[in-house]
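Summary of structural features
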Amino acid sequence: MTPLKQRLTFVILLISALLLNSCATIFNSRQTTLNIITNQPSRLVVANDTLKNKSNNKSIVVNRDKEELKLTVFTDSLTKTVNLKSFNSFAYWSNFGFYYGVGMLVDFKNPKRYGYPKTVYVNFNDNTSDYLTFIPIGSADDKYWNILKWTPLKLAAFVNPSVEVSYERRTGQSFSTQVMASYLLPETILDAGLQFKPHIKGFRVALEERFYFKKSAPFGPYIALEVDYLKNSYNHDSNFIFDFSNYRDTVSIKKENYSFNFKIGHQIIIKQFSIDLYAGLGFRYKNVKHFNKMNPEGEIERPRHPNIVSISNQEGKYSALSIPLNVRIGWTF
């Protein structure tokens, strides 16, 4: 390849990298939709355009921009003006994950990098120019400060079956704190007919802080940070390997797990009955010890296709991926 062709190839690859990795330019539309909600039926003025219909909930389409967006809502006797602050959209920040953030250079001057809150709540009873980015809890729902929950699927878990209860308390307009405690069962209910009994003993506790970003706590979608501790002991029957020889052995295992999880979930409350669905991803530090081994040097044989049981019983101090996923049901009071 000649030097000229090499330079042209380099330029083409560079341009392609810039264009293909500018996420806001590609994925964000020039306009975005906002929901403007007021505590009284009102009219709206945005960008010198007045919406004549009078309602509590208005959907508008506006251009993305770096500048604040001025909104005025008014009734026959009240007027309130708020300035919506723009922010860098998720698509813009996602450039970090591709080619060391090169796409940010393309998106830097593009107004499509910006966004506004999807939900804007304006309260005429508030004399300031403040607004909320979620729907505040109504007086009828203000009683939901405490939720006692149970996780029924934990009874049938293949790893660490337990009776698990949680208590969530609302601590602010958008925040709540949840504590959890589990008593580990001697065996999962799915293994009730098997001859080998693991005789599990132990417990698990967790502390979780939640932020509800669409509605007031404890309603709707949320993100959460969880700190989790587990301690247990049990018997395990498995294939072992030592010096290229395979044999069967039953050992006693003692385990301690420390987990730090980021979670996203959605909580629905119907009357006083709650359903809490969540999933997450995190980091787990494990300290696993084997006792009463036939051969102290033997190790649990790793199957050709790794499974959660095999992974969770490996001896040593090491880190692992944590993937919390479950549903809780509860009662509010």
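Just above sits the structure.
On to unusual backbone geometry, then. For residues besides glycine, phi is generally negative; the peptide bonds are generally trans as well. In the segment running from A217 into P218, the intervening peptide bond is cis, with an omega of 5°. In this fold, P218 is placed in the loop between strand 11 (201-212) and strand 12 (220-242). Not every positive phi belongs to a glycine, and D243 is a case in point at roughly 55°. Position of D243 among the secondary structure elements: in the loop between strand 12 and strand 13 (245-270). Classification of D243 by relative accessible area gives exposed; the value is 58%. Positive phi values are uncommon outside glycine, yet K271 reaches one of about 60°.

Turning our attention to the pattern of salt bridges. Overall, the coordinates contain 14 salt bridges when judged by the stated rule. For K149, the salt bridge goes to E168, with nearest N and O atoms at 2.6 Å. Residue K149 is found in strand 8 (residues 146-150), and its partner E168 is found in strand 9 (residues 162-170); the two are separated by 19 residues along the sequence. The two residues K149 and E168 agree in class, both being buried. With its nearest N and O atoms 2.8 Å apart, the salt bridge here joins R204 to E164. Taken together, the residues R204 in strand 11 and E164 in strand 9 connect sequence positions 40 residues apart. Here R204 and E164 have matching classes, each one buried.

A separate point is empty space enclosed by the protein. A full pass over the atoms with the stated rule returns 1 cavity of 30 Å³ or more. A volume near 30 Å³ is recorded for the largest cavity. Residue lining of the largest cavity: Q178, V179, M180, A206, L207, E208, E226, K263 and R328, and that is the complete set. When contributions to the lining of the largest cavity are tallied by element, the ones reaching two or more residues are strand 10 (175-184) and strand 11. Residue composition of the lining of the largest cavity, grouped by class: 4 nonpolar, 1 polar and 4 charged.

A word on the side chain of T332. Mapping T332 onto the fold places it in strand 17 (residues 325-332). Look past the residues within four positions of T332 in its chain and what remains in contact with it is Y144, N146, I147, I269, K271, Q272 and S274.

In this section: a positive patch on the surface. Where like charges cluster on the molecular surface, the positive patch consists of K231, K254, K289 and K317. Mapped onto the fold, K317 is located in strand 16 (residues 316-322).

Okay, the packing of aromatic side chains next. Geometrically, a pair of aromatic rings is defined through the distance of the ring centres and the angle of the planes. This model, assessed by the stated rule, comprises 7 aromatic pairs. Seen from their ring centres, Y258 and Y285 are 6.4 Å apart, and the 35° between their planes marks the pair as tilted. With Y258 in strand 13 and Y285 in strand 14 (residues 273-291), this pair connects stretches of sequence that are 27 residues apart. Judged by relative accessible area, which is 34%, Y258 ranks as partly exposed. Chaining the aromatic ring pairs together yields one cluster made of F203, Y229, Y258 and Y285. Over the ring of Y92 we find R113, and its NZ or CZ is 4.1 Å from the ring centre. In this structure, K254 packs its charged tip against the face of F291, placed 5.4 Å from the ring centre.

Rules used in this analysis
- Residues numbered from 1 in each chain as written.
- Predicted model: local features only at pLDDT ≥ 70, side-chain atom pairs only at ≥ 80, totals over all residues.
- Heavy atoms only, no water.
- Helix = DSSP H or I, 4+ residues; strand = E, 2+ residues; numbered from the N terminus.
- Buried < 20%, exposed > 50% of the residue type's maximum accessible area, 1.4 Å probe, protein only.
- Salt bridge = Lys/Arg side-chain N within 4 Å of Asp/Glu carboxyl O.
- 1 Å grid on protein atoms, 1.4 Å probe; cavity = no way out; pocket = protein on both sides within 12 Å on 5 of 7 lines; lining within 4 Å.
- Points joined across faces, edges and corners; volume = space filled by probe spheres on them.
- Nonpolar A, V, L, I, M, F, W, Y, C, P; charged D, E, K, R; others polar.
- Contact = heavy atoms within 4.5 Å.
- Patch = residues over 30% accessible without salt bridge, like charges linked within 9 Å, V, L, I, M, F, W, Y side chains within 5 Å.
- Areas by Shrake-Rupley, 256 points an atom, 1.4 Å probe, with all protein chains shown as cover.
- Lys, Arg positive; Asp, Glu negative; His and termini not counted.
- Charge placed at Lys NZ, Arg CZ, Asp CG, Glu CD.
- Phe/Tyr/Trp six-rings, centres within 6.5 Å; stacked < 30°, edge-to-face > 60°.
- Lys NZ or Arg CZ within 6 Å of the ring centre and 35° of its normal.

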